[in-house]
Amino acid sequence: AQTVTQSQPEMSVQEAETVTLSCTYDTSENNYYLFWYKQPPSRQMILVIRQEAYKQQNATENRFSVNFQKAAKSFSLKISDSQLGDTAMYFCASNFGNEKLTFGTGTRLTIIP
Amino acid sequence: NAGVTQTPKFQVLKTGQSMTLQCAQDMNHNSMYWYRQDPGMGLRLIYYSASEGTTDKGEVPNGYNVSRLNKREFSLRLESAAPSQTSVYFCASSAAGGNTGELFFGEGSRLTVL
């Protein structure tokens with residue numbers, strides 16, 4: 001079975017600090033995409049960052065970066081200089097090479113002022 | 001640009017009632033999806049449509065039907081609602097399916113079945 005696992009249901013961090021959210025997955029596919037989505041209290045899901053599995057270089061988007069370890073099937077999200085607006089649910093997901101996204105169960109991140 | 005629009009945003013039903021959740025996107029996307037979100041379960045795919053006229057089951061299709069009316073619209077119907085269908089429902093669309101990845105989501109519809 002192709003699965004995405006987020007083992008941290010909740011995390012909190014002080015504003016301006018760095019936080020890392022963990023994600024592992026299981027697949028036998030070689031070509032796929034991995035994603036981190038953010039769901040703020042308003043509920044609308046927003047793409048944060050995307051990684052193509054065949055690219056070794058880790059993706060970065062401003063304060064957001066990933067640590068992609070293909071052999072270990074690990075895909076963590078690092079948020080630097082965290083801001084109050086980063087408070088949200090974060091979902092890790094993958095398409096596992098097909099048309100559908102499989103999501104993890106989410107990590108609720110709270111940034112403390 | 002409205003993106004993905006879902007209606008209604010909130011609905012309360014009694015067990016056995018039927019209803020349809022409507023979804024429309026204005027981005028000319030081929031693929032559309034319906035997910036449900038439950039606490040501790042993440043998002044689970046109910047149905048998806050790769051193109052107009054095609055639909056396919058996802059992880060949790062039982063109790064639901066869908067219609068891809070045209071390229072813009074993808075509706076989700078509950079024929080006989082059950083309390084287990086209490087959830088937040090999200091519609092999403094994508095230009096190229098999940099192959100390149102980005103899904104654009106609606107704001108969600110909170111459904112309560114009593």
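Structure shown above.
What you are looking at is a predicted structure, and each value in this text was computed from that prediction instead of being measured.

Basis of the calculations
Residues numbered from 1 in each chain as written. Chains lettered and ligands numbered in written order. Predicted model: local features only at pLDDT ≥ 70, side-chain atom pairs only at ≥ 80, totals over all residues. Heavy atoms only, no water. Core = buried A, V, L, I, M, F, W, Y, C linked by side-chain atoms within 4.5 Å. Buried < 20%, exposed > 50% of the residue type's maximum accessible area, 1.4 Å probe, protein only. Contact = heavy atoms within 4.5 Å. Salt bridge = Lys/Arg side-chain N within 4 Å of Asp/Glu carboxyl O. Disulfide = S-S within 2.5 Å. Helix = DSSP H or I, 4+ residues; strand = E, 2+ residues; numbered from the N terminus. Polar contact = N/O pair within 3.5 Å; in protein donor to acceptor, adjacent residues only side chain to side chain. Buried area = accessible area lost by both parts, 1.4 Å probe. 1 Å grid on protein atoms, 1.4 Å probe; cavity = no way out; pocket = protein on both sides within 12 Å on 5 of 7 lines; lining within 4 Å. Points joined across faces, edges and corners; volume = space filled by probe spheres on them. Nonpolar A, V, L, I, M, F, W, Y, C, P; charged D, E, K, R; others polar.

Attention now moves to the nonpolar core. Residues A:Y25, A:W36, A:F75, A:L77, A:Y90 and A:L109 are the most contacted members of the largest nonpolar core, which totals 25 residues. Each residue touching A:Y25, except ones within four places of it in the same chain, is listed here: A:T3, A:V4, A:Y32, A:L34, A:F68, A:Q69, A:K70, A:K73, A:S74, A:F75 and A:F96.

This next bit is on the pattern of salt bridges. Residue and element names in this part refer to chain B. Summed over the entire model, instances satisfying the criterion amount to seven salt bridges over all chains. Between R44 and D38 there is a salt bridge, with the nearest N and O atoms lying 2.9 Å from each other. Here D38 falls in the buried class, since its relative accessible area comes to 11%. R77 serves as the salt-bridge partner of E79, at 3.1 Å between the closest nitrogen and oxygen. Taking the relative accessible area as the measure of exposure, E79 reaches 43% and is therefore partly exposed. Taking the relative accessible area as the measure of exposure, R77 reaches 29% and is therefore partly exposed. Here the salt bridges do not stand alone but share partners, grouping R36, D38 and R44 into one network.

Let's shift gears to the state of the cysteines. Residues and elements named next belong to chain A. A complete count under the given rule lists two disulfides over all chains for this structure. A sulfur-sulfur distance of 2.0 Å marks the disulfide that ties C23 to C92. For the disulfide bridge between C23 and C92, the dihedral angle about the S-S bond is near -70°, and by the sign convention the bridge is left-handed. Of this pair, C23 sits in the loop between β3 (19-21) and β4 (24-26) while C92 is found in strand β10 (residues 88-94), placing the two residues 69 residues apart along the sequence.

Residue and element names in this part refer to chain A. Within the element layout of this structure, T27 appears in the loop between β4 and β5 (33-39). On a C-alpha basis, the gap between T27 and V4 in space is 9.1 Å, while along the polypeptide they are 23 residues apart. When sequence neighbours within four positions are dropped, the list of residues in contact with T27 reads Q2, Y32, K73 and F96. Polar contacts involving the side chain of T27 include one to the side chain of Q2, which spans 3.1 Å.

Before going further, it helps to examine the interface of chain B and chain A. Chain B puts 28 residues into the contact, and the matching count from chain A is 19 residues. Summing both sides of the interface, chain B and chain A together bury roughly 1,900 Å²; the carbon and sulfur share of this comes to 50%. Taken together, the links from chain B to chain A amount to zero salt bridges. Where chain B touches chain A, the interface holds five residue pairs in polar contact (both at pLDDT 80 or more).

Here B:Q37 is to be found in strand β4 (residues 31-38). Residue contacts for B:Q37: discarding those within four places in its chain leaves A:Q39, A:F91, B:G42, B:L43, B:S87, B:V88 and B:F90.

Taken as a whole, the largest pocket holds about 470 Å³ of empty space. A:Q39, A:M89, A:R108, B:Q37 and B:P39 are the residues nearest the centre of the largest pocket, which is lined by 23 residues in total. Secondary-structure elements contributing two or more residues to the lining of the largest pocket are β10 of chain A together with β4, β9 (87-94) and β11 (109-113) of chain B. Its residues placed into classes, the lining of the largest pocket shows nine nonpolar, nine polar and five charged.

Any link to function would need more than the numbers given here.
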